[in-house]
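# Structural characterization, general
Okay, here's what each chain looks like letter by letter:
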Amino acid sequence: MRKNIVAGNWKMNKTFPEGVEFVKELKLALENEKTNCDVVICTPYIHLAAAATILEVSAVGVGAENCADKEAGAYTGEVSAAMVASTGAKYVILGHSERRAYYGETAEILKEKVKLALANNLTPIFCIGEVLAEREAEKQNEVVYAQLAGSLFELSAADFSKIVLAYEPVWAIGTGKTATAQQAQDMHAYIRGVIAEQYGKEVADNTSILYGGSCNPSNAKELFSNPDVDGGLIGGACLKIADFKGVIAGFN
Ligand code: 13P
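Figured I'd write up the structure that's included with this text.

### So, the sheet that holds strand 3 (residues 60–64)
Around the barrel, eight strands lie side by side as 1-2-3-4-5-6-7-8; this closed barrel has parallel pairing. Direction aside, the axes of adjacent strands within the sheet are offset by 25° on average. Looking at chain direction, strand 3 and strand 4 (residues 91–94) are connected through two bridges and run parallel. From the neighbouring strand, Gly-63 faces strand 4, where its bridge partner is Tyr-91.

### Focus: the pairing of strand 2 (residues 38–43)
Most of strand 2 is tucked away, with five of its six residues classed as buried. Looking at chain direction, strand 1 (residues 5–9) and strand 2 are connected through five bridges and run parallel. Of the residues in strand 2, the one forming a bridge with Val-6 is Val-39. With respect to chirality, the unit in which strand 1 leads through helix 1 (residues 16–31) into the neighbouring parallel strand 2 is right-handed. Direction of pairing for strand 2 relative to strand 3: parallel, over a ladder of five bridges. Note that in strand 3 the partner of Val-40 across the bridge is Gly-61. Taken together, strand 2, helix 2 (residues 45–54) and strand 3 form a β-α-β motif whose crossover is right-handed.

### A short note on the packing of helix 1 against helix 2
The geometry of helix 1 relative to helix 2 is characterised by a closest axis approach of 10 Å and an angle of 25° between their N-to-C directions. Viewed along their axes, helix 1 and helix 2 adopt a mutual orientation that is roughly parallel. Considering how the two elements wind past one another, helix 1 and helix 2 form a crossing that is right-handed. Across from Phe-16, Gly-19, Val-20, Val-23, Lys-24 and Lys-27 in helix 1, the residues of helix 2 making contact are Ile-46, His-47, Ala-50, Ala-51 and Ile-54. Residues of the contact of helix 1 with helix 2, tallied by class, amount to seven nonpolar, two polar and two charged.

### Comments concerning the packing of aromatic side chains
Across all of its chains, the model carries eight aromatic pairs by this definition. Plain terms: the ring middles of Phe-153 and Tyr-199 are 5.8 Å apart, the flat faces sit at 80° to each other, and that makes the pair edge-to-face. Placement of the pair is Phe-153 in the loop between helix 7 (140–151) and helix 8 (157–160) and Tyr-199 in helix 9 (residues 181–199), with a sequence separation of 46 residues. According to the relative accessible area criterion, Phe-153 is buried, its value standing at 11%.

Cut-offs and rules
Residues numbered from 1 in each chain as written. Predicted model: local features only at pLDDT ≥ 70, side-chain atom pairs only at ≥ 80, totals over all residues. Heavy atoms only, no water. Pairing = 2+ DSSP bridges. Helix = DSSP H or I, 4+ residues; strand = E, 2+ residues; numbered from the N terminus. Axes fitted to C-alpha atoms, helices over the stretch in contact; angles between N-to-C directions. Buried < 20%, exposed > 50% of the residue type's maximum accessible area, 1.4 Å probe, protein only. Right-handed = clockwise from strand over helix to strand, strands pointing away. Parallel < 35°, antiparallel > 145°, perpendicular 65-115°, else oblique. Left-handed = near helix turned anticlockwise from the far one by under 90°. Contact = heavy atoms within 4.5 Å. Nonpolar A, V, L, I, M, F, W, Y, C, P; charged D, E, K, R; others polar. Phe/Tyr/Trp six-rings, centres within 6.5 Å; stacked < 30°, edge-to-face > 60°.

Structure below.
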């Protein structure tokens, strides 16, 4: 059966010393807690090796926030999936709306990134979600369908089964305006239905679909209690240990 996962996305936050201190504190904070979900932190590249080393003997997984769409070579400033994997990281966020909006990442580019992540045994946390105008025009299902089909549906069922999805309505990211539990459930059920049509019910039932967008300690429990919401991708509330712990406790 699918896993429940709470994954933090640090975005562009924390210097190297701040990151190391945070990871050590997080390890201590979670060491004696019984968590009812997998916990992952996705950090800027500079933190990956240190975080993976510190968390090696803990239950917390480490991931990157992006990787290149090319294997290796003359791509100044890029970091490949193989490089990410070589740090000990096991996950990579791909298709975050901030990457799509600010860095021009298209469905085609993301298709390449997903392939390279899988080839390097990284678990992609693949983000999808509509902007406010699309929600207001009631086009959210079409938008999400196109994002899934455009980057993932050429994968074999075996490869698709290695992917974690994150539904992040763009209007809820960093705005304090969370999707209601019902809006989240409706979309997650729609996504699961689409996967079932494409890959069959078993693959759909085994796919973890996380919710992201202003998820915090006060709304996590209600969001996670929905049958098709299998956890969260957390921005702002993952930057402080108490808040992140509070979100993780949404599964208690
Ligand atoms: P916030 O939790 O800050 O709204 O960010 C969500 C997000 O974008 C996680 O990837």
